[in-house]
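If you want the building blocks of each chain, they are given just below.
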Amino acid sequence: MEIVESILDIPVQDPPEEEFSSADLIWTKFGTVEHHDDVALIPYARVDEFIIGECSNVECPTRFHIERGRKRSMGSLKEYKSDEYLEYRLYWCSFGPENYGEGGGVLPSRRYRLNTRNRAARPQSMRGCTCHFVVKRLYARPTLALIIFNERRHINKSGFVCHGPLDKDAIGPGAKKIPYISNEIQQQTMSMIYLGIPEENVLEKHIEYVQRYGGSDATVSTLASQYVRKLGMIIKRSTHELDLDDQASIRMWAERNKKSIFFYQDTSETDPFILGIQTEWQLQQMVRFGHRSLIAADSTFGIKRLKYPLCTLLVFDSRQHALPVAWVITRSVAKPDVAKWMKALLDRARSVDPGWKINGFVIDDAAMEIDPIRQDIFALKDAFCCPILFSIWRVRGSWLRNVVKKCSNIEVQREIFKRLGEIVYSIWGGLDTSVALEELILDFVDQSAFMEYFKSTWVPKIEMWLSTIKTFPLASQEASGAIEAYHVKLKTKLFDDSHLGALQRVDWLVHKLTTELHSAYWLDRYADESDSFQHVKEEYIASTSWHRALQIPDSAVTLDDKGHLFAKVASQKDSSRTHLVWNPGSDFAFCDCAWSMQGNFCKHVIKVNMICENAKGCRPSMSFWSFREILIDLCKKPMDDSIGLDESVAWTHQMLDQIKQLVELNSSNDIGIVVNNMPLKWISKKGRTFVGIPASLPALPSDSKTITKNVQKSRKRKRLSRLR
């Protein structure tokens, strides 16, 4: 077949059938001799009819799900190519991938079902089918769609038919007719069941998604209903106790869920117990949101109540909410043990993206081992090789919670918490911490309950905490609030009264994390990105105090005119109610609302601190103060150390330039102005050809037409080679 190099030479096909498939189209080889694909042009309005027809393949009935999609708005490109997309969607057969049948071995089927308990009811669903195609709505011709078929046959990587009537392993009642439930639909249904959504609502949503490409067939609806009820029964009957012995039970779980484990070390005479859990979805989120961004640790959760403390690694998603991407269950904080699971986690991320790297690691425990984070893995050491930031949310929350609990007078509560904040701020003021502590103990000697707690719990290690706060850059209130919001949600899920008897079992903790908590965060992200489940989306958006603070208007905040001793915040729900924020502008501000009284960052404190950032007479936030001290330390380099001084100045200016760009980007209402001021001009990028609006090329002599055509062909070959 002749290979076509221009889309303009490909005819548009519009089959007369109501539904049509690839067998009804004439396919054209498009590309070069080295790289080409089977393509066809059809009206964009008939894409759904093509997909339905392709799903109705008699030999391999299936469903196609959208594996990946991108979209542009009309007019967003000033210059574009003939095959540039307005909309791009990659459709993949829902029977793949997962099991590619390496070596042509026997694939899983109903004949070899295991006692999978809470697993999916159809182990043959993911058969490694490699059939997939791309639909591109053309930017230059929006009424047309270019279909690029990467693999038209429903085969696995070994070349064998892997599902349908021709697959000898697809055995079972209705196995060839039942509508396939994709991973996304299955996870959505499981998440709703785990979160306690009524079954009729779950069924309605499930059938809606199954019928998206399968039509409103009564059989499909009946089978989908059976599937939801069966899945609900499996989930309700599932139990965390695979064995009466907890250690044996967790071994069985680890053996059955190897794909969700990035590190496992059983207890022995020399090694402590370590279990690192990360599902495939969490790995995707870690690679997506963690690259060139921050990872935070919520460490030592449940150190007093659980059998083994829980450490959670978090990334900040598109809304800057903390998203759990890995759980580590262990009692050991020794450097060799921390290095083991950190290296395993890093290797797993880089197996997906070799260039994956983070810009910073946020810790919340002054005793946490930081060497494995700071050192270089390529120097045969276990590390993320990135800067360390410190979050004060734990120490702040602990102090506030115990001040409220152990002191009955609210005036005393405010003053003690303010003095504790002054002790922390004093590390940059040159004051003697020991003297400040003695004065605090003497001034509030009558508050015996709190002082006994403070002297026994914090005085022995206060120097370590203050030294850590002074040594490392401090995370912002937004990051600290996001970590705290996750911690509160975790506490609500795990420390429910109905589960208090199971706190000393590891298998129970693992079950709760991988079912209810995982489902909650999966549904939050899905609701936000798909703009569905509006109630879930609204709760997810308002789940952090920072986002709730953004909803408070500036007019609702009134600062005290005399020394800014306090601020008043009018309630948005009850106009007659006002919240008082004492010590405004400080990270140790004290609010009288119920959420703050529980030791949390409340929206009123955050909103007041936002106002105080631009108000005269208010101290800056601790994160800004820490940042300023780091810059001042860089400027204090000795003048005779010329190289060290040059490096410090260069690093400082580079950082300041980045901050200026971020400030300009956040404050600008027109992104085009910011882009035009950037030193990089996208129009000058080489290797592109354009259709529609001609590129600004220098004039060529009249006898160079042949050269121009060769250059254009060369550029087309480069472009087409990237289609795959």
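Residues numbered from 1 in each chain as written. Predicted model: local features only at pLDDT ≥ 70, side-chain atom pairs only at ≥ 80, totals over all residues. Heavy atoms only, no water.

### Side note on the packing of helix α11 (residues 433–443) against helix α12 (residues 448–457)
- Where α11 meets α12, the axes come as close as 10 Å, and the angle between the chain directions of the two elements is 155°. Here α12 runs roughly antiparallel to α11, going by the angle between their axes. As for how α11 packs across α12, the hand of that crossing is left-handed. Residues L437, L440 and I441 of α11 lie in contact with α12, whose contacting residues are M451, F454 and K455.
- Looking at the contact of α11 with α12, its residues break down into five nonpolar, no polar and one charged. (Axes fitted to C-alpha atoms, helices over the stretch in contact; angles between N-to-C directions. Helix = DSSP H or I, 4+ residues; strand = E, 2+ residues; numbered from the N terminus. Parallel < 35°, antiparallel > 145°, perpendicular 65-115°, else oblique. Left-handed = near helix turned anticlockwise from the far one by under 90°. Contact = heavy atoms within 4.5 Å. Nonpolar A, V, L, I, M, F, W, Y, C, P; charged D, E, K, R; others polar.)

### With respect to the UniProt feature "domain: SWIM-type" (unreviewed entry) in the chain
- The feature "domain: SWIM-type" (unreviewed entry), as annotated in UniProt, sits at residues 576–613 in this numbering.
- Annotated as 37% helix and 18% strand, the span residues 576–613 places its first and last C-alpha atoms 27 Å apart. (UniProt positions renumbered as here; feature names shortened; annotations may be inferred.)

### A look at the side chain of T279
- Mapped onto the secondary structure, T279 falls in the loop between β9 (274–277) and α6 (280–290).
- Residue classification places T279 among the buried positions, given a relative accessible area of 10%.
- Within the structure, the side chain of T279 is placed 2.9 Å from the side chain of H518, a separation counted as a polar contact.
- Those residues within four positions of T279 in sequence are excluded, and the remaining contacts are S260, R348 and H518. (Buried < 20%, exposed > 50% of the residue type's maximum accessible area, 1.4 Å probe, protein only. Polar contact = N/O pair within 3.5 Å; in protein donor to acceptor, adjacent residues only side chain to side chain.)

### Structural notes on empty space enclosed by the protein
- Within the structure shown, the criterion is met by one cavity of 30 Å³ or more.
- Approximately 30 Å³ is the volume attributed to the largest cavity.
- Elements with a contribution of two residues or more to the lining of the largest cavity: α9 (393–406) and α13 (462–471).
- The element best represented in the lining of the largest cavity is α13, accounting for four residues. (1 Å grid on protein atoms, 1.4 Å probe; cavity = no way out; pocket = protein on both sides within 12 Å on 5 of 7 lines; lining within 4 Å. Points joined across faces, edges and corners; volume = space filled by probe spheres on them.)

### Details of helix α19 (residues 603–612)
- Burial analysis of α19 places eight of its 10 residues in the buried class, which makes it a mostly covered element.
- Those residues of α19 that fall on the buried side of the exposure criterion are H604, V605, I606, K607, V608, N609, M610 and C612.

### Remarks on the layout of surface pockets
- Here the second largest pocket is characterised by a volume of approximately 2300 Å³.
- Lining the second largest pocket are 47 residues, with L389, S476, F627, I659 and L662 sitting closest to its centre.
- Among the elements of the structure, β14 (388–390), α14 (477–494), α19, α20 (622–635) and α21 (642–667) are those that each provide at least two residues to the lining of the second largest pocket.
- The dominant element in the lining of the second largest pocket, judged by the number of residues it contributes, is α21, at eight residues.
- Of the residues belonging to the lining of the second largest pocket, the class tally is 26 nonpolar, 15 polar and six charged.
- When residues are assigned to domains, the lining of the second largest pocket turns out to be shared by domain 3 (246–391 + 475–520) and domain 5 (544–619), each giving three or more. (Domains from an automatic or database assignment.)

### A short note on the sheet that holds strand β11 (residues 310–316)
- With mixed pairing, the seven strands of this open sheet are ordered in space as β8-β9-β12-β11-β10-β13-β14. Each edge of the open sheet is held by one strand with a lone partner, namely β8 (261–265) and β14. The sheet shows a mean angle of 20° between the axes of neighbouring strands, taken without regard to direction.
- Sheet topology note: the β9/strand β12 (residues 322–330) ladder contains four bridges and is antiparallel. Across the sheet, residue I277 finds its bridge partner in β12, namely W327.
- This element, α6, spans β9, β10 (294–301), β11 and β12 of the sheet and lies at about 125° to β12. (Pairing = 2+ DSSP bridges.)

### Quick look at a negative patch on the surface
- Taken together, the side chains of D432, E438, E439 and E463 define an acidic patch exposed on the protein surface.
- Along the chain, the position of E439 falls in helix α11. (Patch = residues over 30% accessible without salt bridge, like charges linked within 9 Å, V, L, I, M, F, W, Y side chains within 5 Å. Areas by Shrake-Rupley, 256 points an atom, 1.4 Å probe, with all protein chains shown as cover. Salt bridge = Lys/Arg side-chain N within 4 Å of Asp/Glu carboxyl O. Lys, Arg positive; Asp, Glu negative; His and termini not counted. Charge placed at Lys NZ, Arg CZ, Asp CG, Glu CD.)

### Side note on the packing of α14 against helix α15 (residues 506–530)
- Where α14 contacts α15, the two axes come as close as 11 Å, and the packing angle between them is 130°. Judged on the interaxial angle alone, α15 and α14 are oblique. The element α14 and its partner α15 pack so that their crossing is right-handed. Here α14 contributes Y486, K489, L490, K493 and L494 to the contact with α15, which in turn contributes W508, L509, K512, L513, E516, L517, A520, Y521 and D524.

### Let's talk about the sheet that holds strand β1 (residues 3–4)
- In spatial order, the strands read β1-β2-β3-β7-β6-β5-β4; together these seven strands make up an open sheet with mixed pairing. Two strands bound the open sheet, and with one partner strand each, they are β1 and β4 (64–71).
- As paired elements, strand β2 (residues 28–31) and strand β3 (residues 36–43) share four bridges and run antiparallel to each other. When the sheet's bridge partners are listed, T28 is paired in β3 with V39.
- Relative to the sheet, helix α1 (residues 47–55) contacts β3, β4, β5 (85–93), β6 (132–138) and β7 (144–151), its axis offset from that of β7 by approximately 25°.

### Observations concerning the confidence of the model for the chain
- The predicted model of the chain has a mean per-residue pLDDT of 79, with 79% of residues at 70 or higher.
- For the chain, per-element mean pLDDT is lowest for helix α23 (residues 705–721), which scores 53, and highest for β9, which scores 96.
- Predicted confidence for residues 100–124 stays below pLDDT 50, and this span has 59 contacts to residues more than four positions away or in other chains.
- Every residue in residues 720–724 scores below 50 in pLDDT, and together they form 13 contacts with partners more than four places removed in sequence or on other chains. (pLDDT = per-residue confidence, 0-100.)

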